[in-house]
2 protein chains.
Amino acid sequence: MKRGPRVLVVEDEPAIAELIAVNLKHDGFLPVVAEDGAAAQRELNEVLPDVILLDWMLPGESGLMLARRWRADSRTRNVPILMLTARGDEPDKIAGLDAGADDYLTKPFSPREMLARIRAILRRRAPEQARERCEIGDLVLDAGTHRVTFQGQALKVGPTEFKILHFLMAHPERVHSRTQLLDRVWGDHVFIEERTVDVHMRRLRLALGAAAAHLETVRGVGYRMTATPEVTADGGGLAQQTG
Amino acid sequence: MKRGPRVLVVEDEPAIAELIAVNLKHDGFLPVVAEDGAAAQRELNEVLPDVILLDWMLPGESGLMLARRWRADSRTRNVPILMLTARGDEPDKIAGLDAGADDYLTKPFSPREMLARIRAILRRRAPEQARERCEIGDLVLDAGTHRVTFQGQALKVGPTEFKILHFLMAHPERVHSRTQLLDRVWGDHVFIEERTVDVHMRRLRLALGAAAAHLETVRGVGYRMTATPEVTADGGGLAQQTG
DNA sequence: TCCACATGTCACGAAGCCGTAACACAAGCG
DNA sequence: CGCTTGTGTTACGGCTTCGTGACATGTGGA
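Basis of the calculations
- Residues numbered from 1 in each chain as written.
- Chains lettered and ligands numbered in written order.
- Predicted model: local features only at pLDDT ≥ 70, side-chain atom pairs only at ≥ 80, totals over all residues.
- Heavy atoms only, no water.
- Near = heavy atom within 4 Å.
- Polar contact = N/O pair within 3.5 Å; in protein donor to acceptor, adjacent residues only side chain to side chain.
- Helix = DSSP H or I, 4+ residues; strand = E, 2+ residues; numbered from the N terminus.
- Nonpolar A, V, L, I, M, F, W, Y, C, P; charged D, E, K, R; others polar.
- Axes fitted to C-alpha atoms, helices over the stretch in contact; angles between N-to-C directions.
- Parallel < 35°, antiparallel > 145°, perpendicular 65-115°, else oblique.
- Contact = heavy atoms within 4.5 Å.
- Pairing = 2+ DSSP bridges.
- Salt bridge = Lys/Arg side-chain N within 4 Å of Asp/Glu carboxyl O.
- Buried < 20%, exposed > 50% of the residue type's maximum accessible area, 1.4 Å probe, protein only.

So, the protein's contact with DNA strand D
Residues in close proximity to DNA strand D total 27 residues, the closest being A:Arg195, A:Arg202, A:Thr217, B:Arg195 and B:Arg202. Protein-adjacent atoms of DNA strand D, using a 4 Å cutoff, are sugar or phosphate at a proportion of 66%. At 2.9 Å, a side-chain N or O of B:Arg205 approaches a phosphate oxygen of DNA strand D. Contact between DNA strand D and B:Gly220: a phosphate oxygen at 2.6 Å from a main-chain N or O atom of the residue. Mapped onto the surface near DNA strand D, the elements with two or more residues apiece are helix 8 (195-208) of chain A together with helix 8 (195-208) and strand 11 (215-218) of chain B. When residues in the surface near DNA strand D are grouped by element, the largest group, six residues, is from helix 8 of chain B. Here the residues of the surface near DNA strand D are counted per class, giving five nonpolar, seven polar and 15 charged.

Description of the protein's contact with DNA strand C
Taken together, 27 residues form the shell around DNA strand C, and within it A:Thr160, A:Arg203, B:Thr160, B:His200 and B:Arg203 come nearest. Protein-adjacent atoms of DNA strand C, using a 4 Å cutoff, are sugar or phosphate at a proportion of 66%. Between DNA strand C and the protein, one listed contact pairs a phosphate oxygen with a backbone N or O atom of A:Glu193 at 3.0 Å. Contacts to DNA strand C include B:His200, whose side-chain N or O atom sits 2.6 Å from a phosphate oxygen.

Things to note about the packing of helix 6 (residues 159-170) of chain B against helix 8 of chain B
Residues and elements named next belong to chain B. It is at 9 Å that the axes of helix 6 and helix 8 come closest, and there the two elements cross at 85 degrees. In terms of orientation, helix 6 and helix 8 fall into the roughly perpendicular class. Counting all contacts with helix 6, which are made through Thr-160, Glu-161, Ile-164, Leu-165 and Leu-168, the residues of helix 8 involved are His-200, Met-201, Arg-203, Leu-204 and Leu-208. The residue inventory of the contact of helix 6 with helix 8, partitioned by class, reads six nonpolar, two polar and two charged.

Regarding the sheet that holds strand 10 (residues 176-177) of chain B
Within a sheet, adjacent strands bond to each other through the backbone by hydrogen bonds, running parallel or antiparallel. All names here are of chain B. The strand order across the open sheet formed by three strands is 10-12-11, and the pairing between neighbours is antiparallel. Both edges of this open sheet fall to strand 10 and strand 11, since each of them pairs with a single strand only. Those strands touched by helix 6 are strand 10, strand 11 and strand 12 (222-225), and its axis lies near 70 degrees from that of strand 12.

Some words on the pattern of salt bridges
A full pass over the atoms with the stated rule returns twelve salt bridges over all chains. For A:Glu173, the salt bridge goes to B:Arg147, with nearest N and O atoms at 2.5 Å. Taken together, the residues A:Glu173 in the loop between helix 6 (159-170) and helix 7 (178-186) and B:Arg147 in strand 8 (residues 147-150) connect one chain to another. Close ionic contact of A:Arg195 with A:Asp198 constitutes a salt bridge, the shortest N to O distance being 3.3 Å. Here A:Arg195 and its partner A:Asp198 are both found in helix 8, three residues apart, which amounts to about one turn of the helix. With relative accessibility at 58%, the residue A:Arg195 sits in the exposed group. For A:Asp198, a relative accessible area of 17% corresponds to the buried category. Salt bridges linked by common partners bring A:Glu173, A:Glu216, A:Arg224 and B:Arg147 together as one network.

In structure tokens:
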């Protein structure tokens with residue numbers, strides 16, 4: 001009942017499309033073929049794939065235009081795109097990257113390389129959205145319903161803050177650097193100031209209210225979600241030096 | 001002023017070189033740009049970088065030749081090389097890896113990916129600080145969660161003290177001189193008074209509390225972490241000397 | 001169009017950390 | 001004992017890091 005990653009293949013040449021689809025199926029992917037931009041758009045309206053294999057040369061709208069459009073649409077923005085291009089046109093490649101493609105594949109390519117690239121993208125982009133439900137103490141996050149509750153009470157958490165919280169709660173007790181958070185929450189393809197993470201942490205803490213005690217700052221390292229928040233009262237025999 | 005890892009950027013295209021340098025600087029690296037193999041060689045004769053970013057296509061000697069030469073030279077042999085290649089030429093990549101490149105990056109690439117690759121290389125090459133979890137008696141250090149516990153009780157340890165403790169616990173029973181500690185904890189090219197180590201040891205002992213018994217001073221040599229601390233009449237803790 | 005919300009960045013201040021000097025204490029040696 | 005060397009301890013100025021409020025921009029909906 002395990003379903004493989006969905007791959008939308010946008011390719012007008014039937015022979016190539018078939019070749020790709022067969023190889024994808026063979027490796028456990030679920031390919032859906034669209035012969036042009038319009039068909040691809042219809043497919044995207046139905047269900048979002050895990051990755052898009054986009055041919056550069058297409059009848060009607062070009063792959064470049066499509067990539068640009070999908071990157072502009074908030075719904076499809078985060079779907080990684082693997083561009084298929086004819087061999088050797090550097091300017092094309094740069095334009096494609098600008099349009100938001102995650103990687104390129106030069107035709108002709110070996111099926112093995114294609115599969116490797118797709119797996120690399122999936123590994124990079126979606127290491128694990130696996131955990132749908134996370135709990136830490138009385139704090140509960142449900143990715144399916146996109147809800148956060150603390151002691152049964154619903155909390156209002158913004159989109160970015162939700163992603164951060166999701167990641168932190170999926171990997172509790174572990175310290176995550178700002179760089180790691182940027183990579184995992186925002187994605188590797190953006191360049192954001194590390195300091196911005198701090199601001200979102202502040203917003204997350206405000207949203208969490210009392211539950212913010214579970215969110216700890218590790219000075220000089222990063223942030224951490226913990227089930228056992230530090231208490232001010234010192235329980236052990238620590239030799240505490242007073243200045 | 002904290003100094004980051006040195007990166008020698010061998011790239012003839014000024015625009016690309018500048019882009020790379022800016023991004024490296026932004027992330028705390030110290031980039032040095034060389035426009036061709038000769039300039040790179042001059043730079044290498046001066047000071048060895050922590051990693052070399054080597055463009056494949058260069059005026060004069062190609063990146064492949066340079067990589068091969070540097071790999072043959074005992075002085076530069078161990079400097080990791082990250083190769084920059086034009087997209088899509090598989091044979092080139094293989095040849096590059098044969099020549100001794102540690103990894104390659106396909107142009108065009110995102111700054112974030114470049115930084116991630118560099119960090120990955122440095123991490124891979126980095127010494128044995130790798131051990132995530134260390135135990136000595138009831139004292140446990142976990143680098144992943146950045147936590148130190150003694151008999152189950154969490155201890156509050158500052159950043160530098162944590163690094164010292166991590167190193168000592170990764171190499172227990174062994175005496176480490178102040179110089180060695182400075183090299184391993186602070187970095188090889190930092191000018192710090194050796195006496196400073198003593199002060200951090202003091203802070204570390206305060207943070208460790210009773211567990212400080214495992215941290216021994218070897219007079220005239222350095223410090224050591226031991227599983228079998230010497231038993232003293234006064235209980236082996238922090239005997240407070242009146243001052 | 002206006003409005004509400006989200007987001008990324010900056011400036012400023014507070015808190016914590018660091019390296020060093022200076023002094024106190026301990027250990028070795030004659 | 002007195003001297004020398006090595007280490008423990010404390011205080012402090014300077015610096016880094018973090019939290020916080022404010023602001024400009026972008027985005028989507030009424």
